[in-house]
Amino acid sequence: MATRRRLAALALVLSLVLAGCAGDSGAFRTTEPETGTTTVGTATEPPTRTTTTAEVTGEYSVPVTGNALPVDADRTFARVQSLVGSDVEPQTVRVREGSTRTGEAEYYSQRPFFRVMGLSEANYSTVGASGVTYSDGEVQITTRDAPPAEVERVLAHEFAHTVQMRTSMTADLDSGVFGNPTTDYAMTRRALVEGGAVYVTDVYAERFQNRTVYQSNVVERQYERGPGGNRYLWAPYHFGYRYVADTIDSPAELATVYDNHPETTEQLLHGYAPDEEPVADLVLRDTVEDWYRTDTDTKGELVTRIVLRGELTKERAAAAAAGWGNDRAAVYEQASGDAAGVAWALRMDDRGEATEAVDAFEAFADRQTESSFRVERVTARTLVVIGGDGAFVDNARVSAQGARVTVGIDDPRASLTPPGPTGAVDAPPATVA
């Protein structure tokens, strides 16, 4: 694969609560101790089977501030650079002791799409080391009394982000954010960056640590456990790692991951090049009078899979989402903010894929208790999922002509006063790599 665009800074969207940081940054955190015997997951295999602990010769002086760091930052940085084959100057590492945090991420429940589609449940319990890498390559690591080997793995993950940013390795990805600010692209971008860091960390663990615990397995377990909000958070790490591990044979080839990279989560999930499986034509417009559209977004195949996974089996959700060709989701709210509705148009690859998606979303809708739902097939390839407030679902009407889908609703309860400032995207407010 060969690079087409370069990116000046690294930014991936993650909840401010979960990240514990703000600003453009990259992060890895554990929600369980990494220590103990960890077997390789059945879905993914570590990228190497190297058992040697050969030392590297590069010498660096990493500035470390704050609390004591229980590992050698100079040596860890040199090891990461030796794996990737880079030679950049280290940036400051700020060390915090931190404390265990347990609670719920409120951001998800405040977003209408997440709330309506069953992704609002999210919790976290941070009991291990965590880290954040900012857009200039500076690292903040929180140790939380984690064992040194775990801290070293998290630090290696963050140093992989430093290398990504300081070499402009991932520079191509950010230009796409400005021209295509959709959830689908943001998830693709985050997966490519985080997947690269998880891959490098796994190789680091095999090569330089006697007892190996793979971050890819930690990430996989977090994704599989759910709930929906957690799965949304961990999906880019999990599927990004899979893509990177399938694309390259060594961290020295990491830069090639960002050459000719996927542009959609469909391409990422199935290993397609950016000129394969282009998005289908789809236009969503509305003639809504009494509800106010506060957001329009493309969610992508990965979010479609995550939504369906909330009620269906892993296999059925993946199969139904795999026929994704394009989608547009519009959020509507009343002026009071007390009610919200979603009209989500999905255009599938063909008639058969549309039938499978309709069946899956109908099964999903039948199991909902918090929101009302209706699924309508408006063309051979296109369906519209209508969900949310009961009055919105009951009064919404949809039609289509070719790839143009129209949503209309006339609810006499709705106020004629527009709501406040609208949200731009269905993604948490802080950014991480």
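The following refers to the structure shown. (Residues numbered from 1 in each chain as written. Predicted model: local features only at pLDDT ≥ 70, side-chain atom pairs only at ≥ 80, totals over all residues. Heavy atoms only, no water.)

## Some remarks on the sheet that holds strand β16 (residues 404-409)
The pairing of strands in a sheet happens through backbone hydrogen bonds and is either parallel or antiparallel.
(1) Moving on: Taking strand neighbours across the sheet as the criterion, the 3 strands line up as β9-β16-β15 in an open arrangement whose pairing is mixed. Since the sheet does not close on itself, it has two edges, and those belong to β9 (283-286) and β15 (396-401), each with one partner. For this sheet the average axis-to-axis angle between neighbouring strands, irrespective of direction, equals 20°.
(2) Moving on: Here β9 pairs with β16 via 4 bridges, running parallel. Bridging from a neighbouring strand, Asp286 pairs with Val407 of β16. (Pairing = 2+ DSSP bridges. Helix = DSSP H or I, 4+ residues; strand = E, 2+ residues; numbered from the N terminus. Axes fitted to C-alpha atoms, helices over the stretch in contact; angles between N-to-C directions.)

## A closer look at the nonpolar core
(1) Moving on: Counting residues in hydrophobic clusters, the biggest one holds 89 residues, and the most contacted among them are Met117, Leu155, Trp344, Phe361 and Leu383.
(2) Moving on: By residue number, the principal contributor to this core is helix α7 (residues 183-208), which donates 12 residues.
(3) Moving on: With sequence-adjacent residues up to four places away left out, Leu383 is seen in contact with Trp344, Ala345, Leu346, Met348, Ala354, Ala357, Val358, Phe361, Val375, Glu376, Arg377 and Val378.
(4) Moving on: One finds Val288, Val378, Val398 and Val405 within the second-largest nonpolar core, a separate group that totals 19 residues. (Core = buried A, V, L, I, M, F, W, Y, C linked by side-chain atoms within 4.5 Å. Buried < 20%, exposed > 50% of the residue type's maximum accessible area, 1.4 Å probe, protein only. Contact = heavy atoms within 4.5 Å.)

## Section: helix α8 (residues 215-225)
(1) Moving on: Burial runs high along α8: 8 of the 11 residues are buried.
(2) Moving on: Residues of α8 that are buried: Gln215, Ser216, Asn217, Val218, Val219, Glu220, Gln222 and Tyr223.
(3) Moving on: Of the residues trailing α8, Gly226 is marked for its positive phi of about 70°.

## Looking at the side chain of Glu266
(1) Moving on: In this structure, Glu266 sits in helix α11 (residues 265-270).
(2) Moving on: Buried charge without a partner: Glu266 forms no salt bridge, and the closest opposite charge is Arg381, 9.4 Å away.
(3) Moving on: Look past the residues within four positions of Glu266 in its chain and what remains in contact with it is Tyr272, Glu277, Glu301, Ala322, Trp324 and Asp349. (Lys, Arg positive; Asp, Glu negative; His and termini not counted. Salt bridge = Lys/Arg side-chain N within 4 Å of Asp/Glu carboxyl O.)

## Re the environment of Ala129
(1) Moving on: Checked against the element boundaries, Ala129 lands in the loop between β6 (123-126) and β7 (130-134).
(2) Moving on: Accessibility expressed as a relative area gives 0% for Ala129, which makes it buried.
(3) Moving on: C-alpha of Ala129 to C-alpha of Asp145: the two residues are 16 residues apart in sequence and 7.7 Å apart in space.

## Topic: the pattern of salt bridges
(1) Moving on: Using the criterion set out here, one finds 7 salt bridges in the structure.
(2) Moving on: We note a salt bridge from Arg79 to Glu152, for which the minimum N-O separation is 2.9 Å. Of the two residues, Arg79 sits in helix α2 (residues 73-84) while Glu152 sits in helix α5 (residues 148-166), which places them 73 residues apart along the sequence. Comparing Arg79 with Glu152 shows no difference in burial state: the two are buried.
(3) Moving on: Close ionic contact of Glu224 with Arg309 constitutes a salt bridge, the shortest N to O distance being 2.7 Å. Residue Glu224 is found in helix α8, and its partner Arg309 is found in helix α12 (residues 300-309); the two are separated by 85 residues along the sequence.
(4) Moving on: Look at Glu224 and you get partly exposed, because its relative accessible area is 23%.
(5) Moving on: On the basis of relative accessible area, Arg309 is assigned to the buried category, the value being 14%.
(6) Moving on: Salt bridges sharing common partners tie together Glu224, Arg309 and Lys314.

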